[in-house]
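Per-entry structural report
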Amino acid sequence: MSRDALSRLHTGVADRSRREAAEETFWAAIAGEPVRIEEYDPDLAAMARHLVRLGDAPLPDAAFAARLERELFGPAWPARTPSFTTTALEGPPGIIRPAGRWAIGPPRRMLVNLAATAALVAIVAVSLFVTLRADLALAPDRTTEARIIQEGIGDERLLVGARFDRFPDGILAAVVDRWVLQPGAELIVGSRESGGEGPSAYLIEAGSLTVRPDAPIAVSRAGSPDRVEAAASIEIALEPGDRGYAPTGVTALWRNDGVEPVRVLEARVKRGDVAVLGEGVLHYTVISESPIARPELPIVMSVYDVTLRPGAELAAGTIPGLEMLKVERGRLVAVDVDVAGQLVRTTTLGQATRSLGSFPSGRVFRGGNGDPVSLIIVTISQDSPLAGTPRVTG
Amino acid sequence: MVVTPLLGSPVVEDEADLVARAQHDRREFALLYRHYLPLIYRYCYRRLGSREAAEDATSQIFTQALAALPRYHHASFRAWLFTIAHNVVVDEIRKSRPSASLDAARELADRALEVEGVADRIEAEQTLAMLMRQLSPVQQQVLELRLAGLNAIEIAAVLGRSHGSVRNLHHQTFVRLRAVLGVRHADERLEHVS
């Protein structure tokens, strides 16, 4: 074989192996593996990104996930921490008794069992009470802290923010809701039956809300960073600007005793169940449910109302814990660039556009026209949300 | 950040052990369920095109998996679960044909437009459903299973084909995708320029 032929053969083999490697890397990228496909071919990388984007599909609805889990495994959850999460489950204690034990046991054993059960119930009740009190004491008030006043941010307001320490069993979802109670309307919140089991922080936006919790909750009055405890079974009236904080396990009755509608903005991490609404109660989802993995404890969930000045930019990567974003007013453009700073795509988000729940690295937000843009930003983080300095240019 | 999306975030470190325990105690399967639910649901959603259909199929898949778990003896739990998913989805598509494909395409198109917005309309109009129509059924399955995160060996198990056959399928799908999307290989571009 001549030298030229040998050289061509080597080149052909090298090309083929390079193409095969590029193809394998392409498929790995499609499968979501962290591969550096750009090194092979930028256009191939763009094709992979395009396909992954086209193949994007929503996560399962949290209510569906919880319902199916109940159907498959029943109400008794495995009282064991999943190996892939780090926190303990809080469901039923998982005590399994042989069928018919109470009926066939001798009277003395029954009395002993009853006494033991009573003692156990008492211990659990005291523990629960102490835990709930501890939750209230541990949760600092973050409702007056402003975090991202920067050049380009015309206005920023922390609507609600709280540290959540404990979570209900099952599939969890983060959600921001707005409730409207017409005069005379009632709503039970926080219970599994009401579809709202889980820690909650809420802001009274309008009207006067009467709250009667079945266990202590914390409240803060408008303009005050201090929290006070609202006792169990005692009604308390919350006015516009007041906030309430309810840990997991606390059920409360909300009632509108006034003549004007009550409007409440609520941020919570909840079990995915479907709420049953009473007469005169309206429910709007400010930001739709986002299924989340069981978090390490505690987390801080915060909801901000942010106004972006015309021409200003906000980099998603500079907002720690950015979980969800929704355009309230105006038009927002999300600009995605790759690692080399090249423009990948732009996405326009109008008021009617679905909110965002994922944020690729390199994404920058800017106003879509000459008007300010009003945003709802939700962060979930281990420590202070939005404590970093967003890169904002005017 | 301590809270991460469900998809892909939990890592089952000892899945084989977990599966073995689940074969004797169905409650242990709940852990696998939580891990695989987003993957299975999104696979169904991509194939069936609507939330309702995806939820129905997902319910069937996990119900069948739970019932069949005592007989499970495969090498890969993920491949086994996706084999069930593949069969359920194929049945659903067969049952709902032809209206479902039209509905699915329409819904996907609507969804793409909603998510992308008018500024990126051209790209949004090219939905996955439209792209899939340019592929053969088996090429579609390869792409869908890849998007679900499976590797070539697992896809071979799901489709009941040899590894070599699936490698060829991958290559054919790759070539077809490049042609459909108008992406030429870097070498071809160089040849064209020269």
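Residues numbered from 1 in each chain as written. Chains lettered and ligands numbered in written order. Predicted model: local features only at pLDDT ≥ 70, side-chain atom pairs only at ≥ 80, totals over all residues. Heavy atoms only, no water.

Here we take up the overall build of chain B. Helices and strands together make up the secondary structure of chain B, namely 11 helices and 0 strands. Ordered by position in the sequence, the α and β elements of chain B form the string α-α-α-α-α-α-α-α-α-α-α. Looking at chain B residue by residue over its 194 residues, the buried ones come to 53%. (Helix = DSSP H or I, 4+ residues; strand = E, 2+ residues; numbered from the N terminus. Buried < 20%, exposed > 50% of the residue type's maximum accessible area, 1.4 Å probe, protein only.)

Before going further, it helps to examine the overall build of chain A. Each helix and strand in chain A was counted, giving 5 helices and 19 strands. The burial tally for chain A puts 48% of its 394 residues in the buried class. Once local pairs closer than 6 in sequence are excluded, the contacts in chain A between residues at least 24 apart make up 80%. As displayed, chain A offers around 17,900 Å² of accessible surface, 56% of which is attributable to carbon and sulfur atoms. (Contact = heavy atoms within 4.5 Å. Areas by Shrake-Rupley, 256 points an atom, 1.4 Å probe, with all protein chains shown as cover.)

Residue and element names in this part refer to chain B. Where helix 9 (residues 152-159) contacts helix 10 (residues 163-181), the two axes come as close as 9 Å, and the packing angle between them is 110 degrees. One element, helix 9, and the other, helix 10, form an angle in the roughly perpendicular class. Each of Ala152, Ile153, Ile155 and Ala156 in helix 9 lies in contact with helix 10, whose residues at this interface are His163, Val166 and His170. (Axes fitted to C-alpha atoms, helices over the stretch in contact; angles between N-to-C directions. Parallel < 35°, antiparallel > 145°, perpendicular 65-115°, else oblique.)

A few words now on the packing of aromatic side chains. Under the counting rule described, the total for this entry stands at 12 aromatic pairs over all chains. Between Phe26 of chain A and Trp27 of chain A the ring centres are 5.1 Å apart and the planes differ by 70 degrees, which places this aromatic pair in the edge-to-face class. Classification of Trp27 of chain A as buried rests on a relative accessible area of 2%. Seen in terms of ring centroids, Phe77 of chain B and Trp80 of chain B are 5.5 Å apart; in terms of plane orientation they differ by 40 degrees. Their pairing is tilted. Here Trp80 of chain B and Phe77 of chain B lie together in helix 4 (residues 77-96), a separation of 3 residues that amounts to about one turn. We note that Phe77 of chain B, like Trp80 of chain B, is buried. Each member of the aromatic cluster is reached from another via a ring pair, and the members are Phe29, Tyr33, Tyr36, Phe62, Tyr72, Phe77 and Trp80 of chain B. (Phe/Tyr/Trp six-rings, centres within 6.5 Å; stacked < 30°, edge-to-face > 60°.)

Residues and elements named next belong to chain A. The strand order across the open sheet built from 4 strands is 3-10-5-8, with neighbouring strands paired in antiparallel fashion. One side of each edge strand has no neighbouring strand; the edge strands of this open sheet are strand 3 (186-189) and strand 8 (236-238). Each strand of the sheet is rotated relative to its neighbour by a mean of 25 degrees, with strand direction disregarded. Of the strand pairs in this sheet, strand 5 (residues 209-213) and strand 10 (residues 252-255) are connected by 4 bridges, and their pairing is antiparallel. (Pairing = 2+ DSSP bridges.)

Attention shifts here to the confidence of the model for chain B. Residues and elements named next belong to chain B. Summary statistics for chain B give a mean pLDDT of 74 and a share of 71% for residues scoring 70 or more. Predicted confidence for residues 1-13 stays below pLDDT 50, and this span has 36 contacts to residues more than four positions away or in other chains. Note that residues 188-194 has pLDDT below 50 and, in this model, 5 contacts with residues that lie over four places away or in other chains. The ipTM assigned to the predicted complex is 0.76, against a pTM of 0.45. (pLDDT = per-residue confidence, 0-100.)

The next subject is the confidence of the model for chain A. Residue and element names in this part refer to chain A. When the pLDDT values of chain A are averaged, the result is 70; 64% of them are 70 or greater. Segment residues 76-113 is flagged for pLDDT under 50; beyond a separation of four residues in sequence, or across chains, it makes 55 contacts in the model. In the model, residues 126-149 has pLDDT below 50 throughout and makes 59 contacts with residues more than four positions away in sequence or in other chains.

Okay, the nonpolar core next. Of all hydrophobic cores here, the largest spans 75 residues; its most connected members are Phe26 of chain A together with Phe29, Phe62, Phe77, Phe82 and Leu143 of chain B. Here this core gets 14 residues from one element, more than from any other, and that element is helix 2 (residues 29-48) of chain B. If you look at the next biggest cluster of nonpolar residues, it comprises 23 residues, including Leu159, Val269, Ile299 and Ile380 of chain A. (Core = buried A, V, L, I, M, F, W, Y, C linked by side-chain atoms within 4.5 Å.)

Turning next to the pairing of strand 10 of chain A. Residue and element names in this part refer to chain A. The two faces of strand 10 match: Ala252 and Trp254 on one face and Leu253 and Arg255 on the other face are all buried. Across 4 bridges, strand 3 lies against strand 10 in antiparallel orientation. Bridge assignment links Glu186 to a residue of strand 10, and that residue is Arg255.

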